[in-house]
Amino acid sequence: MSAYRTGDPLGRRRFLTAAALRGATVIGTGALSTGALGTGVIGATALGAVDADAAFAAPIRPLDPAVAESAFAEGRITAINHDVLEVAGSYGDHSRVRVTNATSVWKARATTAADIETGDGLYARGLPLPDGTLAADAVWVNIVNLHATIRGIEKTRLHLAHGQHEIVGNLMARTTSASYGDASPTADLSRLTIGQSAQVLGAWRPSDGSVDLVRVAVAPGAGRRR
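Just so it is clear, the structure is predicted and the values come from calculations on it, not from any experiment.

Undergrad: Which residues make up the pattern of salt bridges, and what are the values?
TA: A side chain of one charge can pair with a side chain of the opposite charge when the charged atoms of the two come close. With the rule as written, the count across this model stands at 10 salt bridges. As a salt-bridge pair, lysine 107 and aspartate 120 come within 3.0 Å of each other at their nearest N and O atoms. A residue pair is termed long-range when its members are at least 10 positions apart, and lysine 107 in the loop between β4 (104-106) and β5 (110-111) and aspartate 120 in the loop between β5 and β6 (121-128) qualify at 13 residues. Where arginine 191 meets aspartate 188, a salt bridge forms, and the shortest distance between an N and an O atom there is 3.9 Å. Using a relative accessible area of 24% as the deciding quantity, one classes aspartate 188 as partly exposed. Members of the salt-bridge network, linked through shared partners, are Asp83, Arg98 and Asp131.

Undergrad: Which residues make up the nonpolar core, and what values do they have?
TA: Membership of the largest hydrophobic core comes to 18 residues, with the highest contact counts inside it found for Leu158, Leu160, Leu192, Val200, Leu213 and Val216. Apart from residues no more than four positions distant in its own chain, valine 216 is found in contact with Leu158, Ser177, Ala178, Ser179, Leu192, Ala198 and Gln199. Grouped together as the second largest cluster of nonpolar side chains are 17 residues, Val97, Leu122, Ala124 and Ala136 included.

Undergrad: If you had to explain the packing of aromatic side chains to someone new, which residues and values would you point to?
TA: Inspection of the entire model under this criterion finds two aromatic pairs. Where phenylalanine 72 meets tyrosine 123, the ring centres are 5.5 Å apart and the plane angle is 5°; that geometry is what we call stacked. With phenylalanine 72 in strand β1 (residues 71-81) and tyrosine 123 in strand β6, this pair connects stretches of sequence that are 51 residues apart. The same class applies to phenylalanine 72 as to tyrosine 123, namely buried. Each residue in the set Phe72, Tyr123 and Trp140 is aromatic and connected to the rest through ring pairs, giving one cluster. Of note, arginine 191 hangs over the ring of tyrosine 180, and the distance from its end group to the ring centre comes to 4.0 Å.

Undergrad: Run through the pairing of strand β13 (residues 211-218), naming residues and quoting values.
TA: The side chains of a regular strand alternate, first on one face of the sheet and then on the other. Within β13, six of the eight residues are buried, leaving the element largely enclosed by the surrounding structure. Sheet topology places strand β11 (residues 177-180) next to β13; four bridges connect them, and they run parallel. Note that in β13 the partner of alanine 178 across the bridge is valine 216. Both strand β12 (residues 197-204) and β13 contribute to a ladder of seven bridges, which runs antiparallel. Counterpart to alanine 198 in the pairing with β13 is valine 218.

Undergrad: Describe the pairing of strand β3 (residues 94-98), listing the residues and the values that go with them.
TA: Pairing of strand β2 (residues 84-88) with β3, which is carried by five bridges, proceeds in the antiparallel orientation. Bridging from a neighbouring strand, valine 87 pairs with serine 95 of β3. Hairpin connection, β2 to β3: the antiparallel pair is bridged by five residues, and glycine 92 has positive phi, about 85°.

Undergrad: Just give me the short version of unusual backbone geometry, but keep the residues and values in it.
TA: Backbone geometry at alanine 108 places phi at a positive 75°, although glycine is not the residue there. Along the chain, alanine 108 falls in the loop between β4 and β5. Judged by relative accessible area, alanine 108 falls into the buried class, the value being 11%. The backbone of asparagine 142 shows a phi angle near 60°, a positive value even though the residue is not glycine. With respect to the element layout, asparagine 142 can be found in the loop between β7 (134-141) and β8 (143-153).

Definitions and limits used
Residues numbered from 1 in each chain as written. Predicted model: local features only at pLDDT ≥ 70, side-chain atom pairs only at ≥ 80, totals over all residues. Heavy atoms only, no water. Salt bridge = Lys/Arg side-chain N within 4 Å of Asp/Glu carboxyl O. Helix = DSSP H or I, 4+ residues; strand = E, 2+ residues; numbered from the N terminus. Buried < 20%, exposed > 50% of the residue type's maximum accessible area, 1.4 Å probe, protein only. Core = buried A, V, L, I, M, F, W, Y, C linked by side-chain atoms within 4.5 Å. Contact = heavy atoms within 4.5 Å. Phe/Tyr/Trp six-rings, centres within 6.5 Å; stacked < 30°, edge-to-face > 60°. Lys NZ or Arg CZ within 6 Å of the ring centre and 35° of its normal. Pairing = 2+ DSSP bridges.

Right, here's the structure in full:
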């Protein structure tokens, strides 16, 4: 099983970055049952935040001594069996992630388990159960965090370079925001310019290898109007 107690934040970042570069196609689709299990399910706030940034945060130690330290699982979803996700880890291992109606799901936005599909990349946080499954309190689907250079700007997408990889970033109305220096994120994308270095948070699309952009953050001093 690929669940691990605290994990290596750099290792997690490498996995989540690599997901955007695979360009793999979706293997299939499937919906999840979201019935409550009644065992091993805890409130998401007991283990930490559930927004997109929380996937990259250092694990926290629960204040309640009755709550075990969180564990993590990652990989590609190979099958969906009712409320259990079969996950092939990026290091050749395997894990089983159990989701319920108490599990928080992120896939470019807060959503439900019904949006999880076979072929998606997964990063999950939760508690290990006696049967070896991970009872997930939070699941991030296809989340990526990239350092890239803006190479092109269109009305509905950005062209990004990440090392030797060219990535298309999809701009989503009412979702994509920009962060200029230390300023708060804004819906104003007009100050993004070609040549800027940016940190990109978004969700990978397995079907075409593009990334749905949630936030594009550029360095302090960047973002002068074109």
